[in-house]
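# Observations on chain architecture
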Amino acid sequence: MTTPDPIITLLLTQRLLGVGLLIQNAEIFRTRRIYAGGGALAGNGIGSLLAVRSAILLWLIIAPIHCISLATAAIHLALLGSSAWLVVRSRGPVCGGSDSMFFQVQLGLFVASLGFLNPLLVRIGLGWIAAQSVLSYFLAGLAKLKNTCWRNGTALQKLFSSDGPYVLWSGVRGLAESKSLCALLGWGVVAFELAFAALLVLPVEGKWIFLGLGLAFHLANAVILGLNRFVWAWTATYPALLYFS
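Nothing here was measured: the structure is a model prediction, and the numbers come from that model.

### Points about helix α7 (residues 154–161)
- Taken as a whole, α7 has its buried residues at Thr154, Ala155, Leu156, Gln157 and Phe160.
- The inward-facing, buried residues of α7 abut α6 (148–152) and α8 (179–195).

Set out below in structure tokens:
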């Protein structure tokens, strides 16, 4: 199978990113009063910033623009600046890991968009996105492996039985009754996240299997735990992973 075209890869990446950031914008807009109550994201400037960001993101999603140009680089630089400003005003990542990955993808796209200066920058930008994706899975798996609660199933038991905001689908609460099942599921997550690094050396067919598992994993987290931004943040890295096949 031939290597994907870098332009198509960049287009897919920026459009997946654009959808994810639009969801982020909508959620921040709806919850901005909660942040403001805690002294963060206060002021009238937030609404104007989100409106400008939304317009830029819609353009990135639907416009048949060239991904490697001065204009595109300026757009990605503006998005990077606005994302950094949001992090500062919210006194930390607005949604933790997903927004951190969004930022890494934006950074990679900005570097790749400078490919008109040197074509090597396209591969560097895509390589950055791919590396951040693999590293994030591996480090998450390693952290869970070191945690006794993940190894014996207690972590998932507590999560599934929680009355807090992280369990949106009540159907999973019954799983908390079986510690052995929770331990098996926990080890499955750990094994998948640690093994994800193998994607770097697998043939294209193997990559598709891993990415399919990754998509299913994030969709399950979105349905069960409400982590909807994570779906877009990590799938936005998948085109870059396929590019390095």
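### Digging into helix α9 (residues 204–225)
- In this model α9 runs 31 Å from its N-terminal to its C-terminal C-alpha over 22 residues, within 8% of the 32 Å that 1.5 Å per residue would give.
- Among the residues of α9, those classed as buried are Val204, Gly206, Lys207, Phe210, Leu211, Gly214, His218, Asn221, Ile224 and Leu225.
- Close packing links the buried residues of α9 with α5 (120–146), α7, α8, α10 (228–235) and α11 (238–243).
- Directly beyond the C-terminal end of α9, a positive phi value near 80° is found at Gly226.

### Considering the packing of aromatic side chains
- In this structure the tally under the stated criterion is eight aromatic pairs.
- Judged by centre distance (6.3 Å) and plane angle (20°), the ring pair of Phe192 and Phe210 falls under stacked. Taken as a pair, Phe192 in helix α8 and Phe210 in helix α9 lie far apart in primary sequence, 18 residues in all. Of the two residues examined, Phe192 and Phe210, each falls in the buried class.
- Members of the aromatic cluster, each reached through a chain of ring pairs, are Tyr137, Phe192, Phe196, Phe210 and Phe217.
- The aromatic ring of Trp150 is capped on one face by Lys144, whose charged end is 5.2 Å from the ring centroid.

### Some remarks on a nonpolar patch on the surface
- A surface patch of nonpolar side chains, amounting to about 340 Å² of accessible area, comprises Leu70, Phe116 and Leu117.
- Mapped onto the elements of the fold, Phe116 is located in the loop between α4 (97–113) and α5.
- The exposure class of Phe116 is partly exposed, given its relative accessible area of 39%.

### Here's the deal with the packing of α8 against α9
- Contact pair α8 / α9: the axes reach a minimum separation of 11 Å and the direction vectors enclose 135°. Here α9 runs oblique to α8, going by the angle between their axes. Of the two elements, α8 crosses α9, and the hand of that crossing is left-handed. Between α8 and α9, the residues in contact are Val189, Phe192, Glu193 and Ala195 and Phe210, Leu213, Gly214 and Phe217, respectively.
- Classifying every residue of the contact of α8 with α9 by side-chain character gives six nonpolar, one polar and one charged.

Reading guide: rules and limits
Residues numbered from 1 in each chain as written. Predicted model: local features only at pLDDT ≥ 70, side-chain atom pairs only at ≥ 80, totals over all residues. Heavy atoms only, no water. Buried < 20%, exposed > 50% of the residue type's maximum accessible area, 1.4 Å probe, protein only. Helix = DSSP H or I, 4+ residues; strand = E, 2+ residues; numbered from the N terminus. Contact = heavy atoms within 4.5 Å. Expected span 1.5 Å × (residues − 1). Phe/Tyr/Trp six-rings, centres within 6.5 Å; stacked < 30°, edge-to-face > 60°. Lys NZ or Arg CZ within 6 Å of the ring centre and 35° of its normal. Patch = residues over 30% accessible without salt bridge, like charges linked within 9 Å, V, L, I, M, F, W, Y side chains within 5 Å. Areas by Shrake-Rupley, 256 points an atom, 1.4 Å probe, with all protein chains shown as cover. Salt bridge = Lys/Arg side-chain N within 4 Å of Asp/Glu carboxyl O. Axes fitted to C-alpha atoms, helices over the stretch in contact; angles between N-to-C directions. Parallel < 35°, antiparallel > 145°, perpendicular 65-115°, else oblique. Left-handed = near helix turned anticlockwise from the far one by under 90°. Nonpolar A, V, L, I, M, F, W, Y, C, P; charged D, E, K, R; others polar.

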